[in-house]
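Here is what each chain is made of, one letter per residue.
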Amino acid sequence: MLELLPQQLVNGLALGALYALVAMGLTLVFGVLLIPNFAHGELYMLGGFISYSLVAVGISFWPAVLVTMLVVALIGIALDWTAYKPIEQAPGLSLMISALAASVILQQIATIIWGTEPRTTPSPVTGVIRAGFITVSHYQIMLFAVLIAAWLAVWYILNRTKLGLSIRAVSQNRDAAALMGIRLDRVRIATVVLGASLGGLAGALLTANFPVYPSVGTLPILKAFVVLVIGGIGNLWGAVIGGLLLGLSEVLVAGYISSQLQDIGAFTILVLILFFRPNGLFGRAEIER
Amino acid sequence: MRPAALVIPSLVAGVIAIAATQASDYVLYVAMAAGWLAILAISFDVLVGYTGYISLAHGAFYGIGAYTFANLTTRGDWNFYAAVPASGVAACAIGVAVAGIAFRTRGLYFAITTLGIGLIGFQVFTIADGLTGGIQGFAGIPSPPVIFGLDPSLEHFLLTLLMAWIVYIAALIFTTSKIGMQCLAIREDLTLAKAMGIRVGLVRLLAFAFSAFFAGIGGAIFASASNFVGPESFGVLTTGFQLVVAAVVGGMGTLWGPALGAVVMTSLPEVLRGAATYSLLVYGCLLLFVMIFAPKGLAGALSALFQRIRRGRKGSSR
């Protein structure tokens, strides 16, 4: 069994990379705008379907990914305007229910457009690298590369641009940021666009190897909430590390204990962390309104 | 508690019971489903509406009640009247354990903790086939006894209605008691409630236990009336979500609002069945609409309407 360990680690990290990409978008929107955006899973799903459709009409994969990110960002803005902005001042629970409603609506729209049948895009990257015990597919390498690129890009925007400075200011203290002359509406749109396009990107990458169907976003978004609790809400670095850790632990649980326990393992980690650290593993100040 | 608070729900239940004698089997079935959801929504409201803690684990408590009932009646040969309260006690016991974990957190973290617990519960239901029948479900659960010698579907509905009435009255007594008042204090300001000498830990634990107990009872009634239960009924995104919707659409913190919400949310998909593909879509849009335009739910909107009518009358008599 032990000789399978390196392979398990590679597979776990690849699964974790997808979780991390989904969690990055979620944590941004949650950390800055305090929206527990359950509909992020549906942005991920729409990203998958849109890139599938674009590739199906003959656009090559990478341009299709870029267009997908743009379209999903626009959907994200529309989602924010209809579901979240009108109840900006409401308590967190209202936003959560609004998000659940939005996710039902988006799933149904996707069902009407694409049907319930799973669909896959022919993978743009095929082939594997073999080294000793380990087989790494090019797809897995691509996932890592995109995760690192996306993380660097978001890090750069947040830490090296004026827009990023205002986003961080709003996430620390919304009122003080507004008093400093920061345009909250611009920060809001920028955050939503960043978060949604990350979701779209993750979805587009998903279709390159896995089937996509209207409810494909449900489990990943729940896992992304686990990642958020591991990594701390609004913590980008935490989302990446948390995502990879979750992917690793799931694959190890499935490989060495029982594949039935894979999901239970993830949610048990969540509950245990919150039991011992009620504000998350690297918990910052509590988010409450 | 004003006497009207007891009389009105009893009258409503009586009227529904009389109307039910004329209803078709199909209508009775839908009404029964509304009754199960109402039992859940009312007990859920005691926790969410009165203490302000949002539990997403209630689908699992519902399931624990249902599976406990199923096991006791099929393998244990318990009769209906003993198995129903026992199912409530089982759900309550698990609920207290869950509360011990979840109350370490607050606000959205509480919601996420209970979400995790609810998901674990659902997974356990699918895996523990020995007790739950796994994904195939648990079949052959005995029906409730027929008391009045009426048509079984009518009897089952009347039983559900009676149970919903009992839950409502119990919730009313709980929320208007001293403990209920203390729950409200916790909802409004936890720190202030502590400073006032309210035993916050105990009071909210009682609210959680009450809520889990009746969710378990609801599960037992559901299992008995449908003879078959499967894990998909007890998921976070199925029942767990539905009852959040019922409570919110109905109006939290009013008890009758969530009951009304349960009826609306159950009958709506049936009314919309003509456009089967779009029923879930409409359901989602309606939920969003209520969230944005009527944040206090149907109960809030109706109360505002009554007040306007009353004020209008006063104005015209002057």
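Not measured: the values here are computed from a predicted model. (Residues numbered from 1 in each chain as written. Chains lettered and ligands numbered in written order. Predicted model: local features only at pLDDT ≥ 70, side-chain atom pairs only at ≥ 80, totals over all residues. Heavy atoms only, no water.)

**With respect to the overall build of chain A**
For the record, the criterion: Secondary structure is summarised from DSSP: a helix means a run of H or I of at least four residues, a strand means a run of E of at least two, and numbering begins at the N terminus for each. Computation of the radius of gyration draws on C-alpha atoms, with the globule rule given as 2.2 Å multiplied by the number of residues to the power 0.38. Relative accessibility decides the category of a residue: with a 1.4 Å probe and only protein chains considered, values under 20% of the type maximum give buried, values over 50% give exposed, and everything between is partly exposed. Under this rule, positive means Lys or Arg and negative means Asp or Glu; His and the chain ends count for nothing. In plain terms, the charge of a residue is placed at NZ if it is Lys, CZ if Arg, CG if Asp and CD if Glu.
A count of helical and extended segments in chain A gives 11 helices and two strands. In chain A, the succession of helices and strands from N to C terminus is α-α-α-α-β-β-α-α-α-α-α-α-α. A compact globule built from 289 residues should have a C-alpha radius of gyration of about 19 Å, and chain A, at 19 Å, falls within 12% of that. For chain A, the C-alpha atoms occupy an extent of roughly 60 × 50 × 35 Å along the three principal directions. The burial tally for chain A puts 54% of its 289 residues in the buried class. Positive and negative side-chain charges in chain A, numbering 14 and 11 respectively, have mean positions lying 11 Å apart.

**Comments concerning the interface of chain A and chain B**
Going by this rule: In what follows, residue pairs with any heavy atoms lying within 4.5 Å of each other are defined as contacts. Accessible-area loss on putting two parts together, using a 1.4 Å probe and summing over both, is the definition of buried area adopted here. Here the nonpolar group is Ala, Val, Leu, Ile, Met, Phe, Trp, Tyr, Cys and Pro; Asp, Glu, Lys and Arg are the charged ones; every other residue, Gly included, is treated as polar.
At the interface, 41 residues of chain A touch 37 residues of chain B. Both faces considered, chain A and chain B share a buried interface measuring about 3700 Å² in area, 82% of it formed by carbon and sulfur atoms. When the buried area of chain A at its contact with chain B is split by residue, L93, I97 and F275 of chain A rank highest and sum to 14% of it. Looking at the side of chain A that touches chain B, the elements with two or more residues in it are α3 (61–84), α4 (92–114), α9 (218–231) and α11 (262–276) of chain A. Take the side of chain A that touches chain B: its biggest share by element is 13 residues, from α4 of chain A. Looking at the side of chain A that touches chain B residue by residue, the classes come out as 28 nonpolar, 10 polar and three charged.

**So, the pairing of strand β2 (residues 134–137) of chain A**
As a general feature of sheets, a regular strand has side chains that alternate between the two faces. Residue and element names in this part refer to chain A. The condition is simple: Note on pairing: DSSP must find at least two bridges between two strands before they are called paired.
Relative to β2, strand β1 (residues 128–131) runs antiparallel, the two sharing four bridges. Residue pairing for β2: I129 is matched across the bridge by V136. Between β1 and the antiparallel strand that follows it, β2, lie two residues; G132 among them carries a positive phi value of about 60 degrees.

**Comments concerning the side chain of S197 of chain A**
Residue and element names in this part refer to chain A. Note the cut-off: Pairs of N or O atoms are called polar contacts if they sit within 3.5 Å, as long as, within protein, a hydrogen donor faces a hydrogen acceptor (for residues adjacent in sequence, only side-chain-to-side-chain pairs).
Tracing the sequence through the fold places S197 in helix α8 (residues 184–207). Here V193 takes part through its backbone oxygen, which lies 2.7 Å from a polar atom of the side chain of S197. In contact with S197, not counting residues within four places along its chain, are M69 and A73.

**Brief notes about the confidence of the model for chain A**
Spelled out, the test is: Confidence scores per residue from the predictor, reported as pLDDT, run from 0 to 100.
Chain-level pLDDT for chain A is 88 on average; 97% of the residues reach the 70-or-more range. Confidence drops under pLDDT 50 across residues 285–289 of chain A; counting only partners more than four residues distant or on other chains, this segment forms 11 contacts.

**Here we look at helix α2 (residues 25–51) of chain B**
All names here are of chain B. The line we're drawing: Expected helix span is taken as 1.5 Å per residue step, with the number of steps being one fewer than the number of residues. Bend is the name given here to the angle between axes fitted to two runs of seven residues, the run ending at a residue and the run starting at it.
With 27 residues, α2 extends 38 Å between its outermost C-alpha atoms, agreeing within 8% with the 39 Å of an ideal straight helix rising 1.5 Å per residue. Where α2 bends most, at D45, the angle is about 35 degrees. With respect to burial, α2 is a largely interior element, 22 of its 27 residues being buried.

**Comments concerning the environment of T126 of chain A**
Tracing the backbone shows T126 of chain A in the loop between α4 and β1. Judged by relative accessible area, which is 58%, T126 of chain A ranks as exposed.

**Details of the pattern of salt bridges**
Residues and elements named next belong to chain A. Quick reminder of the rule: The rule for a salt bridge is simple: a side-chain nitrogen of Lys or Arg has to be within 4 Å of a carboxyl oxygen of Asp or Glu.
By the definition in use, this model includes seven salt bridges over all chains. In this structure, R188 and E88 form a salt bridge, with 3.5 Å as the shortest nitrogen-oxygen distance. Taken as a pair, R188 in helix α8 and E88 in the loop between α3 and α4 lie far apart in primary sequence, 100 residues in all. Taking the relative accessible area as the measure of exposure, R188 reaches 4% and is therefore buried. The network of salt bridges with shared partners includes D80, E88, R174 and R188.

**Digging into the nonpolar core**
Rule in force here: For this analysis, a nonpolar core means a set of buried residues of the types Ala, Val, Leu, Ile, Met, Phe, Trp, Tyr and Cys, connected via side-chain atoms within 4.5 Å.
In terms of nonpolar packing, the biggest core is built from 203 residues, with L21 and M24 of chain A together with F61 and V229 of chain B touching the most fellow members. Not counting residues within four places of it along the chain, the set of residues in contact with V229 of chain B comprises A66, Y67, G137, F138, I141, F222, A223 and F234 of chain B.

**Quick look at the confidence of the model for chain B**
Confidence along chain B averages 89 in pLDDT terms, with 97% of residues attaining 70 or more. Predicted complex, confidence summary: ipTM 0.83, pTM 0.87.

**Some details on the state of the cysteines**
One way to say it: the disulfide is the covalent bond shared by the sulfur atoms of two cysteines. Residue and element names in this part refer to chain B. Threshold: Count a disulfide wherever a pair of cysteine sulfur atoms falls within 2.5 Å.
This model, assessed by the stated rule, comprises zero disulfides over all chains. Summary of cysteine pairing: C92 is not part of a disulfide, and the nearest cysteine sulfur, belonging to C183, is at 14 Å. C92 sits in the buried class, given a relative accessible area of 19%.

**Brief notes about a nonpolar patch on the surface**
For clarity, the threshold we go by: By definition, no residue in a patch forms a salt bridge, and every one has over 30% relative accessible area; like charges are joined within 9 Å, nonpolar side chains (Val, Leu, Ile, Met, Phe, Trp, Tyr) within 5 Å. For accessible areas, the Shrake-Rupley method is used with a probe of radius 1.4 Å. Any residue's cover is judged against the shown protein chains and nothing else.
On the surface, a cluster of nonpolar side chains totalling about 480 Å² of accessible area is made up of I109, I112 and I113 of chain A together with Y278, V282 and L286 of chain B. Where the nonpolar patch is concerned, the elements lending two or more residues are α4 of chain A together with α13 (279–293) of chain B. Looking at the nonpolar patch element by element, the count peaks at three residues for α4 of chain A. Looking at where V282 of chain B falls in the secondary structure, it is placed in helix α13.

**Remarks on helix α1 (residues 5–33) of chain A**
Spanning 29 residues, α1 of chain A covers 40 Å between terminal C-alpha atoms, matching the ideal 42 Å at 1.5 Å per step. Across the 29 residues that make up α1 of chain A, a large majority, 23, are buried.

**Some points on the packing of α9 of chain A against α11 of chain A**
Working note: a packed helix pair is described by the angle between its axes plus the distance between those axes. Residue and element names in this part refer to chain A. Note the threshold: The axes are straight lines fitted to the C-alpha atoms, using for helices just the contacting stretch, and the angles between their N-to-C directions are given from 0 to 180°. Take the far helix as the reference: if the near one is turned anticlockwise from it by less than a right angle, the crossing is left-handed, and if turned clockwise, right-handed.
At a minimum axis separation of 9 Å, α9 and α11 run at an interaxial angle of 30 degrees. Remark: the crossing between α9 and α11 carries left-handed chirality. Packed against α9, whose contacting residues are L219, L222, K223, F225, V226, V229 and I230, the element α11 presents D263, A266, F267, I269, L270, I273 and L274 at the interface. The residue makeup of the contact of α9 with α11, split by class, is 12 nonpolar, no polar and two charged.

**Description of unusual backbone geometry**
For L34 of chain A, which is not glycine, the phi dihedral falls at a positive 55 degrees. Within the element layout of this structure, L34 of chain A appears in the loop between α1 and α2 (40–56). Even without being glycine, N227 of chain B reaches a positive phi, approximately 65 degrees. Looking at the element boundaries, N227 of chain B is found in the loop between α10 (200–226) and α11 (239–250).

**Structural notes on the packing of aromatic side chains**
Our working definition: A pair of aromatic rings is counted whenever rings of Phe, Tyr or Trp (Trp by its six-membered ring) have centres within 6.5 Å, and the orientation is called stacked for planes under 30 degrees apart, edge-to-face for over 60 and tilted otherwise. Note on geometry: a ring has a charge over it if NZ (lysine) or CZ (arginine) is within 6 Å of the ring centre and within 35 degrees of the ring normal.
All chains considered together, the criterion is met by 26 aromatic pairs over all chains. Summarising the aromatic geometry, the rings of Y139 of chain A and F210 of chain A are spaced 6.1 Å apart at their centres and angled 70 degrees between planes, so their arrangement reads as edge-to-face. Placement of the pair is Y139 of chain A in helix α5 (residues 138–160) and F210 of chain A in the loop between α8 and α9, with a sequence separation of 71 residues. Owing to a relative accessible area of 38%, F210 of chain A belongs among the partly exposed residues under this scheme. An aromatic cluster is defined as three or more aromatic residues linked by ring pairs; in this entry it consists of Y29, W36, Y62, Y67, F125, F222 and F234 of chain B. The ring of F275 of chain A carries the charged tip of R104 of chain B above its face, separated from the ring centre by 4.8 Å.

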